[in-house]
Structure formats: structure tokens, C-alpha cells
Amino acid sequence: MNAAAWAVLLTVLLVGWVVLDGAVQGAGATLLQERDPDGKDRRREPAERRVVLAAVGPLLLPGEVWLVAALGVLVGVFPHAEADLLTAGYPVAVTLIGSWALRDAGIWLRSRRPGRVWRDVWDVVLVVASIMLAGSWGALLGVAWGSGLVALALGIVAVVVTRLHGHAVVAWRLRRTGALPVAVTSVMVASPVVGTAIAAWPRLVDGAVSGATMAALGIVAIVVLPLVLVLQAVAWWLVSRPLGRRDTLFF
Amino acid sequence: MEATELARLQFALLAAVHFVFVLLTLGLGPVVAIFNTRWVRAKDDRALVFENATRFWGQLYLVNYALGIAAGIVLELQFGLHFPGLLDVAGEVFGAPLVVETLAAFFLESTLLGLWVFGWHLFPRALHAGIFWAVVVTGYVSAFAVMVANGFLRNPMGYVLEGPPDAQVARITDAGALITNPAALLSGLHVVGACLAAGGFVLVGVSAWHLAQGGLPGTARAGWGGRRPADHDEDLWRRSLRTGVVTGSLGVLLAIGFGYSQYAYILQVDAGMFADDADGSVMETLSLTAMGFMEILAYLMFLGALPLLLLLIGNAVFRMPRRLRVLVYWLAVLAVPVPFGVAILGWLSRELARQPWVIQGVVRVDDVTSDQSGQVVLVSLVLLVGLMVTLAILDWWVLGRLARAGTNRLVLGAEASDVLRDDGAGPDVLVRFGGPGSGASGAPGAVDVQDDGPEPEAAR
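Residues numbered from 1 in each chain as written. Chains lettered and ligands numbered in written order. Predicted model: local features only at pLDDT ≥ 70, side-chain atom pairs only at ≥ 80, totals over all residues. Heavy atoms only, no water.

## Here we look at the pairing of strand β2 (residues 169-172) of chain B
Reasoning step 1: Two strands pair when backbone bridges link them, and strand β1 (residues 159-162) of chain B and β2(B) are joined in this way by four bridges, in the antiparallel orientation. Pairing of E162(B) across the sheet is with V169(B), part of β2(B). (Pairing = 2+ DSSP bridges. Helix = DSSP H or I, 4+ residues; strand = E, 2+ residues; numbered from the N terminus.)

Shown next, in the form of C-alpha cells:
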């Protein structure tokens, strides 16, 4: 695999992350509030929040690994791009990892204790951390464009589109709507990533490691990726089923 | 402190948090897989005991895993944030095993774990158990890939430096040497021992706590313990304790054995490395102190595990006079933190011995640190370390509460409607999940099923 192929793989991994984890971020951001069909905001009851988390729960583990894998590709194949991006966007990157850890802790821990206060506090943490995660991701994409204004704009765009995306996935799992809105919001969350990849392409590809290492790692990627995709397909099948009695409500 | 020292301290503290969670993930994984397999194979009423064992230990595994991932992600970004020079010089050699770790091992591990949790009621039982075995295997592959990356830093092999003297880049020349590096292979097996020991001590400690309580019929009686467990719960804790004693002893033996086998290459690598540097000699003293404490505590662990192993004969540990039994149980509870402390000491001893080098004898830490000012690094240190330590303490508190609750209200593998009823769900929500009183359910073809009896779980 050459640098261009690795850059395409990196983009695919990032798109996978925003589509899968974006649904979890969006559902997390809208955990406490729901908009009724007549346009009024309504606070969700504890059992309804549990249903929302059940709807996106199976996406968390198979979803966030896409960004971890993308970071692995950045470190291993494009080390210069990673170092440049994180040096320029230092505060944004620290916010991203902080809110990611907080969001994960919120999802994993909130349902582990029965107390009402325990869960309410974690739910607020989950809402704030989900919004911060989406926003800082968008802003980090903007840093790759090399402009503070783009960073701000993409941060806001990311917060808005992940909300829509999370709402669409939850509605689809409850079979209130079809799969079409999910497809539309998936394109919406993916487009900033694809746009940034195209804009940053020359700098990314020039900073790759040597051809021999890329070829050696390419063999690993080509052997493993089909297996990963099969398992991911099974995970998507779990999510594509209507939410029902055979689902596990772990989160 | 300067930016370099703060960056180094931040990495060390975050790595320590990550390491503690990884120990239990790798130590508890094989045990959960064994219980899951025995549940699948059980024909009689022992199936319920093994099902509960899978769900109870599996739940602890998951809550521990959650923070392990979060801490691992925070750690992965530290290289780019604070040590970009390391990637400039050795991105290729050091980065390659990390690509294998994330792209191959962790990607598979996490996806498989998601299937195990959320496919609980969907996959055939045998396939479900097989998925968890795959989680365990990929977890160990992932840990080994990290040991290859870390082993290269401790004992660089299979590479060559190319380019002008001021911008040298390391290239892989011999991938085999990189993988079979004793600093990866022997140290990896040493860490596997430490993981199994940690898993074993947790298994024994938690089971002993439950056996020491008066609530279990077979243990409440004064005098001698029963030959057979009085009920399913006591059976579960007895089996868990036995499993823990065996895996814990095996782990301590592996850790001590492969600990000594590392001396050959360590002495060779370190020959003449320390003396020329004041910072280095302080670090050497600290490293040797940590190693000394680690060895003393490891022998104490061995001395504690040996009598327990002997007491398994004829189930003596469960049948001794009550006062003696309870004393042994409480000692086992108090010993739970020991393997974690020992592992941290071992890790400190290894990493401190390398200072001031980031790649032993090749690149120094202060040559690769980013240009961030000391204040900026201090702010991120306080934020990230403060956050991770707070989350770690909360996670341990939750683990403690879950461990105390035992098999009462296990959420992992429970029926959806039972979980929602505990959350106060009304009939309008429960109808979707086939709860009692609803005529229909979400599953296709399940219309008109009358669900007013107990859930199938109890029937199994």
C-alpha cells in the first residue's frame, strides 16, 4: 500500500468513526430533552433515557475503535501529520481527549448504580461531554485547514449535525422513521471529514513514512481488514434490528 | 519544573492509571471465558451457577474495561502532544507495532466485546462463548504489540539510523529481531504473570468476602464448614475462589520466573549507561529501590498463595473451623491491592532505569519533547491527570459496590424488560420489550405471546 492508499484508509476510518460514534454523541447530547411532534421540548423520563442509551449502546464499542485505529494509522504511517496537527491544535486536542474520556465514563458508569442523584448527575455530564466531544472534533478538523475561523465553524457544524444524526438513529431503531433519515444525516456528519481530507491531502501524503514500512504494514492491514469488516457488519446488524425484547440494556 | 519533566510526569501518571486497568482486563478475561464455556457445557443445575459466574465476573470485567479504554486513548495521544520528536526519529519502528496494536488487535477486541455484550440473547450459546475467547486472544495480542513497542525503547534491536546526523530517522531492518526482542518477549511473559496474579487475587478476595459474610447458609454456622456448598451462591463463591487461587499462583510463578530471566539482557543493556549523568544516577537509585520493594512483595504474594493452594486439597479452605476460615478470608480480602502495587513498582523500575533516554542509548527524552511551555504542559497535566484519577476512583468505587452486590440484580445478560422495570418504565415503554402484561413484543413472530410467567432466565 502506498501513501495515497493509506490516506484513503485513514479517511475511511475517520468517516466510520463520525458515522458510528456520531450517533452515540448525538444521542448523548439529546439524552435529557426530546422534541415532541408539536415542537415543544420535553424532559425525558429515566426509563426513556435508558431506551435512548439502549438504542445506541451497541454502537459505542464498535464505533470508537475507528478513531483509535485512525490515530494508530496517524502515529504509524503519518507521524509528521499527527505531530503537526496536535502541536497546532494543542488545546483543542486536550479538550477532545478529556471530553472523550468523560463521555465514555458517563455512558459506562451512569447505569451501574440505582440512585436517582447518581444517574441525574452522570446524565448532565454525558450531555455536556457529548457536545464538547463533537465540537472539539469539528474544531480539530478546522485546525487541519489552518484557520481559526474554519475551526470555529466546523466545531459548530459538528455539534449540530451529530444531534440530528443521533436523533435519526434513535428514531430509526424505535421504527418511528425509516432508514432514509439516517442515511442523510450520515452523509452530513461525514462530509466535513471528507472535505478536510481533500484539503489536507498534499501535506498528509508528503509526511508519510518510508515505502518499505508502508508495504509491511499494508500486509497487516489487508489481512486484518476483511475480518474487521465482517465483525463490524455483524455489529451493524445488531443495531439495524428494531429495538426489542432480545436487546441487552447494558448502558 | 521544565516542560520535559512535566511531560514525562504526565505520561508516567497516565500510563500508571492505564496499566492498573489493563492488568485486571487481561487477568480476569481468561477466567470469564472459562466460566462462560462451562456454562455452555453444563447440563444440570450447575448451569445456573456458571451463568451467574459469567454474568457477575463479566460485569466486573466490563466496568474495569471501560476505564481501560478511556485511559488508553488519553495515553495514545500523549506521543503526538508531548513527544513529537520520538515519532520524527522512530515513528517508523516504534509506530509500526502501535499500528498493529490499534488496527489489528484492539479494533477486533473492542468490536468482539460489543458483540458479546449486545448479542447476549441473539447468538447461539456456544458462539457467544467463542466470541469471548476471541476477545481474550485479541486482548493478549494487543498487549504484546505494546510490549514490542516498549521493548524497542528499552533494548533497541532490528533497526538502523539513516540520514544526516541532525535529522536521523530509524528504519526497520529486521522485523523478526524487533518481535523476538527479549525486552518484548520475556518482559511480555513477565507481565502476563502479573496480570494473571492480579486477576487471581481479585477473584479470591471478592469470593472470600462473600464467604466470610454471615448471609450464606453454609458459612453462617459456627464450627466446621459444610462439605458441600449450601446453595447456588455459595457454590459460585467456592468455585471462584478455587479458580482464583490456581490462576493467582500460576501468575505469581510466571511473573517471578520471567522476572529473573530478564536480568541477562538488562545487565547487558545497562552496562555503562548510567554513570555519566546526574539525572540518570538519581533515576537509577529510584529504579533499584522500586525493584527491591517489588521483589519483596512478590515473594510475600508467593508465600500467601502457596498455603491457599495446599488448602484447596479436600476443600479444606471451606471446611476449617469458622474462626480460622474467616481469618483466612479477611487476609485474602486485604491482599487484593497488593498485585496492583507490585505491578506499578515493576513498571516504575523498568521505565526509570531507561531515563534519561527515551530510546535506550539512542535518543534522549529532552531531545524529542515538544516546544510547549512548561505552564501549558502543567495545565494539561492537572486537567487530564486530575480527570483520569477522579474517573479511576469512581470506577473502583462502582466495582466495589458491584462486587459487594454479588449475583443480586446483575444487569449483564438480564432481560430488557426486567432492567426497564427497575427504572420505573410504564406499560407504554415495556410493551416494546415484551414485558409482562403486554400482548406483543419487538421480536418478529412473537405476537400474542403471553408473558405473565417468570422470564425464561429463571427457567434456564
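## A few points about the nonpolar core
A general tendency of soluble globular proteins is for nonpolar side chains to be buried together.
Reasoning step 1: Formed by 217 residues in total, the largest nonpolar core has its most connected members in F78(A) and W57(B).
Reasoning step 2: Looking at which element gives the most residues to this core, the answer is helix α2 (residues 46-82) of chain B, with 22 residues.
Reasoning step 3: When residues no more than four places from it in sequence are discounted, the contact partners of F78(A) are A3(A), W6(A), A7(A), L10(A), V73(A), L204(A), V205(A), G207(A) and A208(A). (Core = buried A, V, L, I, M, F, W, Y, C linked by side-chain atoms within 4.5 Å. Buried < 20%, exposed > 50% of the residue type's maximum accessible area, 1.4 Å probe, protein only. Contact = heavy atoms within 4.5 Å.)

## Points about helix α1 (residues 3-41) of chain B
Reasoning step 1: When the terminal C-alpha atoms of α1(B) are compared, their 57 Å separation across 39 residues agrees well with the 57 Å that a helix rising 1.5 Å per residue should span.
Reasoning step 2: With 28 of 39 residues buried, α1(B) lies mostly within the body of the structure. (Expected span 1.5 Å × (residues − 1).)

## Quick look at unusual backbone geometry
Reasoning step 1: Cis geometry is found at the peptide bond from Q355(B) to P356(B), where omega equals 5°.
Reasoning step 2: Looking at the secondary structure, you find P356(B) in the loop between α13 (338-354) and β3 (357-359).
Reasoning step 3: Of note in this structure, R175(A) is not a glycine but carries a positive phi near 60°.
Reasoning step 4: Residue placement: R175(A) occurs in the loop between α6 (148-173) and α7 (180-206).
Reasoning step 5: Take R175(A): its relative accessible area is 38%, and that puts it in the partly exposed class.
Reasoning step 6: One non-glycine residue, R409(B), adopts positive backbone phi at about 55°.
Reasoning step 7: For R409(B), the position within the fold is in the loop between α15 (374-405) and α16 (416-422).
Reasoning step 8: In this structure R409(B) comes out as exposed when scored by relative accessible area, which is 58%.

## Re the confidence of the model for chain B
Reasoning step 1: On average, residues of chain B score 86 in pLDDT, and 90% of them reach the 70 mark or higher.
Reasoning step 2: Both confidence scores are given for the complex: pTM 0.91, ipTM 0.93. (pLDDT = per-residue confidence, 0-100.)

## So, the packing of helix α1 (residues 3-29) of chain A against α6(A)
Residue and element names in this part refer to chain A.
Reasoning step 1: At their nearest, the axes of α1 and α6 sit 7 Å apart, and the two run at 90° to each other. Judged by the inter-axis angle, α1 sits roughly perpendicular to α6. On α6, the residues touching V18, V19, G22, A23, Q25, G26, A27 and A29 of α1 are T162, R163, H165, G166, V169 and V170.
Reasoning step 2: In terms of residue class, the contact of α1 with α6 is built from seven nonpolar, six polar and one charged. (Axes fitted to C-alpha atoms, helices over the stretch in contact; angles between N-to-C directions. Parallel < 35°, antiparallel > 145°, perpendicular 65-115°, else oblique. Nonpolar A, V, L, I, M, F, W, Y, C, P; charged D, E, K, R; others polar.)

## Quick notes on the packing of aromatic side chains
Reasoning step 1: The full count for this structure, using the stated rule, is 25 aromatic pairs over all chains.
Reasoning step 2: Relative to W396(B), the ring of F21(B) has its centre 5.4 Å away and its plane inclined at 10°; by these criteria the two rings are stacked. With F21(B) in helix α1 and W396(B) in helix α15, this pair connects stretches of sequence that are 375 residues apart.
Reasoning step 3: Ring centres of Y260(B) and Y263(B) lie 5.9 Å apart, and the angle between their planes is 35°; on these two criteria the pair is classed as tilted.
Reasoning step 4: Using a relative accessible area of 28% as the deciding quantity, one classes Y263(B) as partly exposed.
Reasoning step 5: Put simply, the rings of W39(B), Y61(B), Y65(B), W116(B), W120(B) and F132(B) pair up and form one aromatic cluster.
Reasoning step 6: It is R241(A) that lies over the ring of W237(A); its NZ or CZ is 5.9 Å from the centre.
Reasoning step 7: The side chain of R364(B) reaches across the aromatic face of W357(B), ending 5.9 Å from its centre. (Phe/Tyr/Trp six-rings, centres within 6.5 Å; stacked < 30°, edge-to-face > 60°. Lys NZ or Arg CZ within 6 Å of the ring centre and 35° of its normal.)

## Some thoughts on empty space enclosed by the protein
Residues and elements named next belong to chain A.
Reasoning step 1: For the coordinates displayed, the defined rule picks out three cavities of 30 Å³ or more.
Reasoning step 2: V18, W137, A158, T162 and V189 are the residues nearest the centre of the largest cavity, which is lined by 14 residues in total.
Reasoning step 3: Contributions of two or more residues to the lining of the largest cavity are made by α1, α5 (116-145), α6 and α7.
Reasoning step 4: Across the lining of the largest cavity, the residue classes tally to ten nonpolar, four polar and no charged. (1 Å grid on protein atoms, 1.4 Å probe; cavity = no way out; pocket = protein on both sides within 12 Å on 5 of 7 lines; lining within 4 Å. Points joined across faces, edges and corners; volume = space filled by probe spheres on them.)

## Concerning the pattern of salt bridges
Reasoning step 1: One pass over the full model with this rule turns up 23 salt bridges over all chains.
Reasoning step 2: R241(A) is the partner of D247(A) in a salt bridge, and the nearest nitrogen-oxygen pair spans 3.4 Å.
Reasoning step 3: In this structure, the salt-bridge partner of E234(B) is R238(B), at a minimum N-O distance of 3.2 Å. Of this pair, E234(B) and R238(B) both sit in helix α8 (residues 232-260), separated by four residues, roughly a single helical turn. (Salt bridge = Lys/Arg side-chain N within 4 Å of Asp/Glu carboxyl O.)

## Here we look at α1(A)
Residue and element names in this part refer to chain A.
Reasoning step 1: Relative to the 39 Å expected for 27 residues at 1.5 Å per residue, α1 spans 36 Å between its end C-alpha atoms, a close match to the ideal helical length.
Reasoning step 2: In the structure, α1 departs most strongly from a straight axis at G22, where the bend amounts to approximately 35°.
Reasoning step 3: Among the 27 residues of α1, 21 are classified as buried, and the element is accordingly described as predominantly covered. (Bend = angle between axes of the 7 residues up to and from the residue.)

## Quick notes on the layout of surface pockets
Reasoning step 1: In this structure, the second largest pocket spans a volume of roughly 800 Å³.
Reasoning step 2: Along the wall of the second largest pocket there are 34 residues; nearest its centre are P114(A), R119(A), R409(B), V411(B) and D422(B).
Reasoning step 3: Per-element tally for the lining of the second largest pocket: the top contributor is α2(B), with five residues.
Reasoning step 4: Split by residue class, the lining of the second largest pocket holds ten nonpolar, seven polar and 17 charged.

## As for the side chain of T30(A)
All names here are of chain A.
Reasoning step 1: Mapping T30 onto the fold places it in the loop between α1 and β1 (33-35).
Reasoning step 2: A relative accessible area of 13% means that T30 is categorised as buried.
Reasoning step 3: A polar side-chain atom of T30 sits 2.9 Å from the main-chain carbonyl oxygen of G26.
Reasoning step 4: If near-sequence neighbours (up to four positions away) are discounted, T30 is found in contact with R44 and R163. (Polar contact = N/O pair within 3.5 Å; in protein donor to acceptor, adjacent residues only side chain to side chain.)

## Side note on the packing of helix α2 (residues 46-77) of chain A against α5(A)
Residue and element names in this part refer to chain A.
Reasoning step 1: Packing of α2 against α5 brings their axes to within 14 Å, and their N-to-C directions diverge by 40°. For the element pair α2 / α5, the angle class is oblique. Relative to α5, α2 is oriented so that their crossing is left-handed. Contacts between α2 and α5 pair P46, R49, R50, L53 and L67 from the former with R116, R119, D120, D123, L126 and W137 from the latter.
Reasoning step 2: Residues of the contact of α2 with α5, tallied by class, amount to five nonpolar, no polar and six charged. (Left-handed = near helix turned anticlockwise from the far one by under 90°.)

## Looking at the interface of chain B and chain A
Reasoning step 1: The partner chain A presents 71 residues to the 78 residues of chain B that form the contact.
Reasoning step 2: For the pair chain B and chain A, the summed buried surface comes to about 6,900 Å²; carbon and sulfur atoms form 77% of the total.
Reasoning step 3: A per-residue breakdown of the area chain B buries against chain A is headed by L103(B), F107(B) and F118(B), which together make up 12% of the total.
Reasoning step 4: Seen at the junction of chain B and chain A, the total is two salt bridges.
Reasoning step 5: A salt bridge links R119(A) to D423(B), with the shortest nitrogen-to-oxygen separation between them at 2.7 Å.
Reasoning step 6: Scanning the region where chain B abuts chain A turns up eleven residue pairs in polar contact (both at pLDDT 80 or more).
Reasoning step 7: The element that contributes the greatest number of residues to the side of chain B that touches chain A is helix α3 (residues 84-118) of chain B, accounting for 24 residues. (Buried area = accessible area lost by both parts, 1.4 Å probe.)

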